[in-house]
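The residues making up each chain are set out below.
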Amino acid sequence: DRNSSAVDSVLGGIKLFNAGLLLRAIDLMETSESSGIFTGGVFVSDPSTDAGQNFGLSTSSSASLVYVSLGTILTFQYLDASPTNIIQKLSQVAYAGQIHMHLNFDNGQNNLKITLMDFDLQLPASVKIFTSTVTEKMGMQTDLVRNSSSRGVFFSIIPISSYSVSSSNDAIILHSGDDIYVRYFDFKPDANLLVSVGVPLLGFIEPSPKHLAHFSTVQDCPFQLILFAADVRTGVERLKGSSIMISPSRYRLKGGDYMPGKIPTALFSLGFVSDENSSGTFAWRPSAEEQGKQYEVCFSVLDLKNVFHPRNTSLVERCVYITVLKCKKCLLHGESLNQIALNFLTDWRMLWSVNPALKDPAMVSEGALINFSIPYKIRSKDSLASLAVRFKTSVKMLLSLNPDIYVDSNLQKDMTLCVIPDTRFFDFCPAPPKSSTWEPLEQQYIPPDYLDNVYNWENIKWNDPRGYPSKTPNPNYPQRPSQT
């Protein structure tokens, strides 16, 4: 250590020889300021196999490249200046085995393919594979087969049990979150190689809606949910080969039984799909028949080939509630207030009156949210028949406006009912009765200008065809207001 306050270097500190021929001078670098430990490296390549390995270098360069054949005996020589001494070490060039694992789906069978690259391997050889989880360990020995098309490449195919289809008894089971280990004993060089990969742990991620979140929509309005899923494990090399995807799993009406898949009138489309993440979009435009109904809709995240068995189903399933509000709708293309009013046997002015935000009834754009009826909250002892009488409509019309109820339904208190009154019975005042101003007060018809004539000093008759009152002085009235 020449300088204890700096990292020292030695150019050409180690000489590399092959059969007495100098191949390369290897530079050395101190590992820290005062460690006294120096390291160097060289990139060795076998031109006959195109197999190269980097021994001790972070990056390879032509200045550090040595071409030698596998099995060559190399001599490493170091000249120690104090005391003067030549140190030599002999080393045989060997290929350190490399293992890769990935999923394979040949001939419709789910498999785990283990590939070993070792150019100096002599068969027979085998590797040991085992999985490690919190609850179990599984170990097995599998023999390697030489790849006929690639020198130095060997592989083994291990069947995997499918999550959705029964598989053979010798198939291994891969649970989400497992770690798969492969151990290989390499005799040239003498080393114990242990390689591991992580089985993806699938789950929904932000900004997906929360589990059991509540949403609302209305008739003919587009409703959309976007979901995202991914392998939520970090810091491990993933087992690759099967893409992650999101799929509708089940749905039901409130209080009903679950049905597989999605709501029949809804659509689901996949966005991006990869080994690490995925997205999907649920789109729905509720129809009139779905007013007032609440659906529970569930989605699952799974791998495309169904090879990862979930340990925690709550992680891979996401359910939401969707309620279709009543008495509202979105205008479809070509719809107008007048057309909707005709469908419900009413007048466009009635619809306009329950939509105060609409300034011009003729200028309502497609997709606009409107009220097409009046929400009425059920009271005690209300029935369809009594409400039909009250609002001058029919039970048939009430049922058409409220597809979530039936003729024999028991109307619950505070339930919302959509009604459209027959305005013909409410829009016009009754004809004023012919009466004398000398009748008792509770029997009199009070004309609009009654307060202008508080002393009743005029006789008022309603015989003018224009509807105006005819007034004449009352001779029996003793005193006019001006004389008081």
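Relevant structure appears above.
This one's a predicted model, so the numbers in the text were calculated from it and none came from an experiment. (Residues numbered from 1 in each chain as written. Predicted model: local features only at pLDDT ≥ 70, side-chain atom pairs only at ≥ 80, totals over all residues. Heavy atoms only, no water.)

Here we come to the overall build of the chain. In terms of regular secondary structure, the chain is built from five helices and 32 strands. Buried residues in the chain amount to 39% of all 484 residues. Summarising the internal contacts of the chain: among those between residues at least 6 apart in sequence, 57% fall at separations of at least 24. Taken as a whole, the chain presents about 28,200 Å² of accessible surface, with 54% of it coming from carbon and sulfur. (Helix = DSSP H or I, 4+ residues; strand = E, 2+ residues; numbered from the N terminus. Buried < 20%, exposed > 50% of the residue type's maximum accessible area, 1.4 Å probe, protein only. Contact = heavy atoms within 4.5 Å. Areas by Shrake-Rupley, 256 points an atom, 1.4 Å probe, with all protein chains shown as cover.)

Quick look at the state of the cysteines now. Per the counting criterion, the structure on display carries three disulfides. In this model Cys221 forms its disulfide with Cys330; the gap between the sulfur atoms is 1.6 Å. Between Cys221 and Cys330, the S-S dihedral sits near 60°, and the bridge is therefore right-handed. Highlighted residues: Cys221 in the loop between strand 19 (213-219) and strand 20 (223-231) and Cys330 in strand 27 (residues 317-330), separated in sequence by 109 residues. Pair check on accessibility: Cys221 and Cys330 agree, each one buried. Disulfide pairing is shown between Cys298 and Cys319; the S-S distance is 2.0 Å. Here the disulfide of Cys298 and Cys319 is right-handed, its torsion about the S-S bond being about 110°. (Disulfide = S-S within 2.5 Å.)

Counting buried positions along strand 27 yields 11 of 14 residues, so the element is predominantly enclosed. Of the strand pairs in this sheet, strand 19 and strand 27 are connected by six bridges, and their pairing is parallel. Note on strand 27: the bridge partner recorded for Phe215 is Ile322. The pairing of strand 27 with strand 28 (residues 369-371) spans three bridges and is antiparallel. Paired with Lys328 across the bridge in strand 28 is Asn371. (Pairing = 2+ DSSP bridges.)

Picture the strands of a sheet paired through backbone hydrogen bonds; they go either parallel or antiparallel. As summarised here, the arrangement of the four strands in space is 9-10-14-13, forming an open sheet in which the pairing is antiparallel. Both edges of this open sheet fall to strand 9 (98-104) and strand 13 (145-146), since each of them pairs with a single strand only. The sheet contact formed by strand 13 and strand 14 (residues 153-159) spans two bridges and is antiparallel. Paired with Val145 across the bridge in strand 14 is Phe155.

Let's shift gears to the environment of Thr84. Its place among the elements puts Thr84 in strand 8 (residues 84-92). Here Ala81 takes part through its backbone oxygen, which lies 3.4 Å from a polar atom of the side chain of Thr84. (Polar contact = N/O pair within 3.5 Å; in protein donor to acceptor, adjacent residues only side chain to side chain.)

Moving on, we come to the packing of aromatic side chains. Scanning the entire structure with this criterion turns up nine aromatic pairs. An aromatic cluster is defined as three or more aromatic residues linked by ring pairs; in this entry it consists of Phe268, Phe282 and Phe299. One residue, Arg250, lies across the ring of Tyr258, its end atom 4.1 Å from the ring centre. Above the ring of Phe105, the side-chain terminus of Lys305 is found at 5.2 Å from the ring centroid. (Phe/Tyr/Trp six-rings, centres within 6.5 Å; stacked < 30°, edge-to-face > 60°. Lys NZ or Arg CZ within 6 Å of the ring centre and 35° of its normal.)

By the element assignment, Ser208 lies in the loop between strand 18 (202-205) and strand 19. On the basis of relative accessible area, Ser208 is assigned to the buried category, the value being 3%. Side-chain polar atoms of Ser208 contact the backbone oxygen of Ile205, separated by 2.7 Å. Among the polar contacts listed, one links the side chain of Ser208 to the backbone nitrogen of Phe228, at a separation of 2.6 Å. The contact partners of Ser208, leaving out residues within four places of it in the chain, are Ile226, Leu227, Phe228 and Arg318.

This next bit is on the environment of Gly255. Within the secondary structure layout, Gly255 lies in the loop between strand 21 (244-253) and strand 22 (259-260). Gly255 sits in the exposed class, given a relative accessible area of 76%. Separated by 39 residues in sequence, Gly255 and Gln294 have C-alpha atoms that sit 9.3 Å apart.

Attention now moves to a nonpolar patch on the surface. Residues Ile205, Val232 and Leu315 make up a contiguous nonpolar surface patch of about 190 Å² in total accessible area. Take Leu315: it is sitting in helix 1 (residues 313-316). (Patch = residues over 30% accessible without salt bridge, like charges linked within 9 Å, V, L, I, M, F, W, Y side chains within 5 Å. Salt bridge = Lys/Arg side-chain N within 4 Å of Asp/Glu carboxyl O.)

Once that is clear, we can look at the sheet that holds strand 2 (residues 21-30). Strand order across the open sheet formed by five strands is 3-2-1-7-8, with antiparallel pairing between neighbours. Across the chains shown, the open sheet's two edge strands, defined by having one partner strand only, are strand 3 (38-39) and strand 8. In the sheet, strand 1 (residues 9-18) pairs with strand 2 via seven bridges, with the strands oriented antiparallel. Directly across from Val10, in strand 2, lies its bridge partner Leu28.

What follows deals with the pairing of strand 8. Among the nine residues in strand 8, zero count as buried, and that is only a small part of the element. Looking at chain direction, strand 7 (residues 73-81) and strand 8 are connected through nine bridges and run antiparallel. Bridge pairing in strand 8 links Tyr78 to Ile87. Linking strand 7 to strand 8, which pair antiparallel, is a turn of two residues.

Coordinates in, geometry out; function isn't part of it.
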